[in-house]
There are 2 protein chains.
Amino acid sequence: MNKKQKGKSISIKEISELSGYSVATVSRVINNNGRFSKETEQKIKQIIADYGYQPNMLARGLRTSKSQIVGAIVPDISNEFFAKVAIELQNRLLELDYSTLICNTNEDYQTELRYLNMLKSQQISGIVYIAGDMGKNDEFLNIPTVYIDRKPIFSTPKDIVLIESNNQKGGYIATQELINKGCRKIGVLVYKDAISSHGDRLIGYKNALKANGIIPEDELIITVDKVDIQTGYNKTCKLIKTVPHVDGIFCSSDLLAFGAVSALNDLEVAVPDNVKIVGFDDISLTTSIRPNITTVRQSVESFGTLAANAIVSMMSGENLDKKEYLIDVELISRETT
Amino acid sequence: MNKKQKGKSISIKEISELSGYSVATVSRVINNNGRFSKETEQKIKQIIADYGYQPNMLARGLRTSKSQIVGAIVPDISNEFFAKVAIELQNRLLELDYSTLICNTNEDYQTELRYLNMLKSQQISGIVYIAGDMGKNDEFLNIPTVYIDRKPIFSTPKDIVLIESNNQKGGYIATQELINKGCRKIGVLVYKDAISSHGDRLIGYKNALKANGIIPEDELIITVDKVDIQTGYNKTCKLIKTVPHVDGIFCSSDLLAFGAVSALNDLEVAVPDNVKIVGFDDISLTTSIRPNITTVRQSVESFGTLAANAIVSMMSGENLDKKEYLIDVELISRETT
């Protein structure tokens, strides 16, 4: 033990040798798990303190050494919405003493499959899964899995745990906001509608139009193949060119809405006077430009809390009463409407 | 095998049973690893095609099942710069047939330690490590590690592989740009200077001032404890209140610069006429608002490529000729200067 210096990390075994107590006793003290005297506790805690580690960290290290790990499959961490959902999930799981490994799939099916295979080879206890472009993964259900944000597509129906926002309602209230503010020629920029969250928002858009006696027009429905600012910018320029009298645009993501506002600024089309915009997600960008962007708020906190609680329950072998969770959404009216 | 249906995934063993060839032969065909006849190949590939999987994916699954995994330790994936560095790294590693597990540390030392302990328990071949607030982790050097973006702090000096931007130069050219455009009372918003990347930018700022005969003033140097838009906004409001005649602000991150521009807009201080702004990173936000933000571009592509190549070389047991890589930075002059 001579080479062990203060300020360095120390193993349970080394604490045992230094203290003269058994590894089991040291572990009990660290985990505060009964059956040791005050004197024993003091001696062991003193050694832990001397060697610069928190008992809590050691305890965590011990308890996490095996399988207290959740894999999070996320389509694109450079989209703040997904990054924040992953961070909220991780922070709730940390509170419950689980670690989170994040896998970024680039919305690419091959990469998604690769990461699923890889997670199989690791000591992962459960998966929280935002399905990508084609989340058909029938095989990977041998460990607890919670699907969030998007319905996976299976070749045969499966009993899954799914946590999603009320996206149909979101699309509806976004479009209703535009109608309430006087829009009649309302375009929509929407990501692939095979992705359930975006498909449902499109349904909500159409339902709101119909409820107000407006017939949805194909030329106003723009499907985008990427969710980012540049795509929102380009598609808005194109839409304004094709349908110059468009007076409102619902964007199924704030990144698209941000691009739309930038495009309209550059085209010198006044927002909200001539064209009104509603986004989706409520990421920090929406309040970081003038005009602030009206949007439909999704609760990343609810995603994190519900998903963490559900996956931990499943990993503990509990049966969940509820299999589907629908998180409410809220219209945040700002300066673009 | 009757219950196996087309369109489902299939194991090597099942292909072996269906084809009548040994698992070894199937594996050789999948990996295109010599020693099988054209007829064998055709029969096995037909089965693979019938059951809907790409041989390539199966091969990858096989080859990645053990330890072709790199852990990436990242302080905050909701900052686009870190998200993009992680994604570039992952994409280069995917090309080299490695998977990446991303650990988000929230710039928190306890979380960082926890994830390091957790990665130890996993079959990880190497780590690419953006050290957080107090990256003093002397112990965790038993597997190949490449440090990027920030110099870790060790209690005793260590021979490490470090890839970083030329941050001193970055701080210098940012400040020189402000001076060139006529600024004399130049503030700086900088993240904790114990973080080497930000500390070096502050050194560059001071050096540029001195080189131009301007004495750095304490009241103009604002340390922030968080890198986000809101913090940039708040600190800029405070700076304008304390030093109303400030005429330029260098921000050590684009998120801070974005907040600064928003604050000045709200305070009706004209940018760039009355106050000029330079950011750092060149994230997509910089060109998404008017005025577009002048910034110092860091090459996330270089980070990804250099880090992937270095860690793969180290994991293959090669000795790297070079231990420190300094990536060049570039001033991108836009509308805020």
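Residues numbered from 1 in each chain as written. Chains lettered and ligands numbered in written order. Predicted model: local features only at pLDDT ≥ 70, side-chain atom pairs only at ≥ 80, totals over all residues. Heavy atoms only, no water.

## Some thoughts on the overall build of chain A
Thinking step 1. Along its length, chain A carries 11 helices and 12 strands.
Thinking step 2. For chain A, the share of sequence-separated contacts (at least 6 apart) that also reach a separation of at least 24 residues comes to 70%. (Helix = DSSP H or I, 4+ residues; strand = E, 2+ residues; numbered from the N terminus. Contact = heavy atoms within 4.5 Å.)

## Things to note about the pattern of salt bridges
Thinking step 1. Enumeration according to the criterion identifies 36 salt bridges over all chains in this entry.
Thinking step 2. Here arginine 150 of chain B and aspartate 149 of chain B are joined by a salt bridge, their closest N and O atoms 3.7 Å apart. For the pair shown, arginine 150 of chain B and aspartate 149 of chain B are each scored as buried.
Thinking step 3. Salt bridges here are not isolated pairs; linked through shared partners, they connect Asp282, Arg297, Glu301 and Arg334 of chain A. (Salt bridge = Lys/Arg side-chain N within 4 Å of Asp/Glu carboxyl O. Buried < 20%, exposed > 50% of the residue type's maximum accessible area, 1.4 Å probe, protein only.)

## A look at the packing of aromatic side chains
Residue and element names in this part refer to chain A.
Thinking step 1. Summed over all chains, the structure comprises eight aromatic pairs over all chains.
Thinking step 2. Note on phenylalanine 81 and phenylalanine 303: the rings are 6.1 Å apart at their centroids and 80 degrees apart in plane angle, and the pair reads as edge-to-face. With a gap of 222 residues between them, phenylalanine 81 in helix H5 (residues 80–95) and phenylalanine 303 in helix H11 (residues 300–315) connect regions that are remote in the sequence. Both residues of the pair, phenylalanine 81 and phenylalanine 303, belong to the buried class.
Thinking step 3. Put simply, the rings of Phe81, Phe82 and Phe303 pair up and form one aromatic cluster.
Thinking step 4. Stacked on the ring of phenylalanine 280, the Lys or Arg arginine 201 has its end atom at 3.8 Å from the ring centre. (Phe/Tyr/Trp six-rings, centres within 6.5 Å; stacked < 30°, edge-to-face > 60°. Lys NZ or Arg CZ within 6 Å of the ring centre and 35° of its normal.)

## Some words on the confidence of the model for chain A
All names here are of chain A.
Thinking step 1. Here chain A shows a mean pLDDT of 86. Residues at 70 or above account for 88%.
Thinking step 2. In the predicted structure, residues 1–8 sits below a pLDDT of 50 and forms 15 contacts with residues beyond four places in sequence or in another chain.
Thinking step 3. Low pLDDT, under 50, characterises residues 53–66; the stretch is placed with 36 contacts to residues that sit more than four places away or in other chains.
Thinking step 4. Here the predicted complex carries an ipTM of 0.76, next to a pTM of 0.78. (pLDDT = per-residue confidence, 0-100.)

## Details of the sheet that holds strand E10 (residues 294–297) of chain A
All names here are of chain A.
Thinking step 1. Sheet architecture is open: six strands sit in the order E7-E6-E8-E9-E10-E12, paired in mixed fashion. Only two strands of the sheet have a single partner each, and these edge strands are strand E7 (221–224) and strand E12 (330–332). For this sheet, the mean inter-axis angle between neighbouring strands, taken without regard to orientation, is 20 degrees.
Thinking step 2. The pairing of strand E8 (residues 248–251) with strand E9 (residues 276–281) spans three bridges and is parallel. Looking across to E9, one finds that isoleucine 249 is bridged to isoleucine 277.
Thinking step 3. On the sheet, helix H8 (residues 196–211) packs against strand E6 (186–191), E7, E8 and E9 and is oriented at approximately 165 degrees with respect to E6.
Thinking step 4. Where helix H10 (residues 254–266) meets the sheet, it contacts E6, E7, E8, E9 and E10, and its direction lies at approximately 155 degrees from that of E9. (Pairing = 2+ DSSP bridges. Axes fitted to C-alpha atoms, helices over the stretch in contact; angles between N-to-C directions.)

## What about the sheet that holds strand E7 (residues 221–224) of chain B?
All names here are of chain B.
Thinking step 1. The six strands lie next to each other as E7-E6-E8-E9-E10-E12, forming an open sheet whose pairing is mixed. Both edges of this open sheet fall to E7 and strand E12 (330–332), since each of them pairs with a single strand only. Averaged over neighbouring strand pairs, the angle between their axes works out to 20 degrees when direction is ignored.
Thinking step 2. Along the sheet face, helix H7 (residues 167–180) touches strand E6 (186–191), strand E8 (248–251), strand E9 (276–281), strand E10 (294–297) and E12 and points at about 160 degrees away from the line of E9.

## Some thoughts on the pairing of strand E3 (residues 126–129) of chain B
All names here are of chain B.
Thinking step 1. What you see with E3 is no split at all: Gly126 and Val128 on one side and Ile127 and Tyr129 on the other are buried throughout.
Thinking step 2. One ladder, built from four bridges, connects strand E1 (residues 69–74) with E3; its direction is parallel. Residue alanine 72 lies in a different strand from E3, and its bridge partner there is valine 128.
Thinking step 3. The pairing of E3 with strand E4 (residues 145–148) spans three bridges and is parallel. Bridged to isoleucine 127 within E4 is threonine 145.

## Brief notes about the state of the cysteines
Residue and element names in this part refer to chain A.
Thinking step 1. This model, assessed by the stated rule, comprises zero disulfides over all chains.
Thinking step 2. You can see cysteine 237 has no disulfide; the closest cysteine sulfur is in cysteine 251, sitting 12 Å from it.
Thinking step 3. Overall, the relative accessible area of 25% leaves cysteine 237 in the partly exposed class. (Disulfide = S-S within 2.5 Å.)

## Things to note about the environment of serine 155 of chain A
Thinking step 1. Position of serine 155 of chain A among the secondary structure elements: in the loop between strand E4 (145–148) and strand E5 (161–165).
Thinking step 2. Relative accessible area serves as the criterion here: at 52%, serine 155 of chain A is assigned to the exposed category.

## Here we look at H11 of chain A
Residue and element names in this part refer to chain A.
Thinking step 1. Given a rise of 1.5 Å per residue, 16 residues ought to cover 22 Å, and the 22 Å separating the end C-alpha atoms of H11 matches this to within 8%.
Thinking step 2. Of the positions making up H11, those classed as buried are Val300, Phe303, Gly304, Ala307, Ala308, Ala310, Ile311, Val312, Ser313 and Met315.
Thinking step 3. On the buried face of H11, the contacting elements are strand E1 (69–74), H5, strand E3 (126–129), E4, E5 and strand E11 (324–327).
Thinking step 4. Directly beyond the C-terminal end of H11, a positive phi value near 85 degrees is found at glycine 317. (Expected span 1.5 Å × (residues − 1).)

## Topic: H8 of chain A
All names here are of chain A.
Thinking step 1. Taking 1.5 Å per residue as the helical rise, H8 with its 16 residues ought to reach 22 Å, and the 22 Å between its terminal C-alpha atoms agrees with that figure.
Thinking step 2. Three or more residues of H8 are buried, namely Ser196, Ser197, His198, Gly199, Asp200, Arg201, Leu202, Gly204, Tyr205, Ala208 and Leu209.
Thinking step 3. Those residues of H8 that are buried are in contact with E5, helix H7 (167–180), E6, E7, E8 and E9.
Thinking step 4. Two residues or fewer after H8 comes glycine 213, characterised by a positive phi angle close to 70 degrees.

## Describing the side chain of serine 196 of chain A
All names here are of chain A.
Thinking step 1. Along the chain, serine 196 falls in helix H8.
Thinking step 2. A residue is classified by how much of its surface remains accessible, and serine 196, at 9% relative accessible area, is buried.
Thinking step 3. Not counting residues up to four positions away in its chain, the partners in contact with serine 196 are Asp149, Arg150, Lys151 and Glu164.

## A few points about unusual backbone geometry
All names here are of chain A.
Thinking step 1. Of the consecutive residues valine 271 and proline 272, the connecting peptide bond is found in the cis state with omega at 5 degrees.
Thinking step 2. Relative to the elements of secondary structure, proline 272 occurs in the loop between H10 and E9.
Thinking step 3. For asparagine 106, which is not glycine, the phi torsion reads 55 degrees and is therefore positive.
Thinking step 4. Topologically, asparagine 106 is positioned in the loop between strand E2 (99–104) and helix H6 (109–121).
Thinking step 5. Given a relative accessible area of 29%, asparagine 106 falls into the partly exposed group.
Thinking step 6. Even without being glycine, glutamate 268 reaches a positive phi, approximately 55 degrees.
Thinking step 7. Within the fold, glutamate 268 resides in the loop between H10 and E9.
Thinking step 8. Relative accessible area serves as the criterion here: at 72%, glutamate 268 is assigned to the exposed category.

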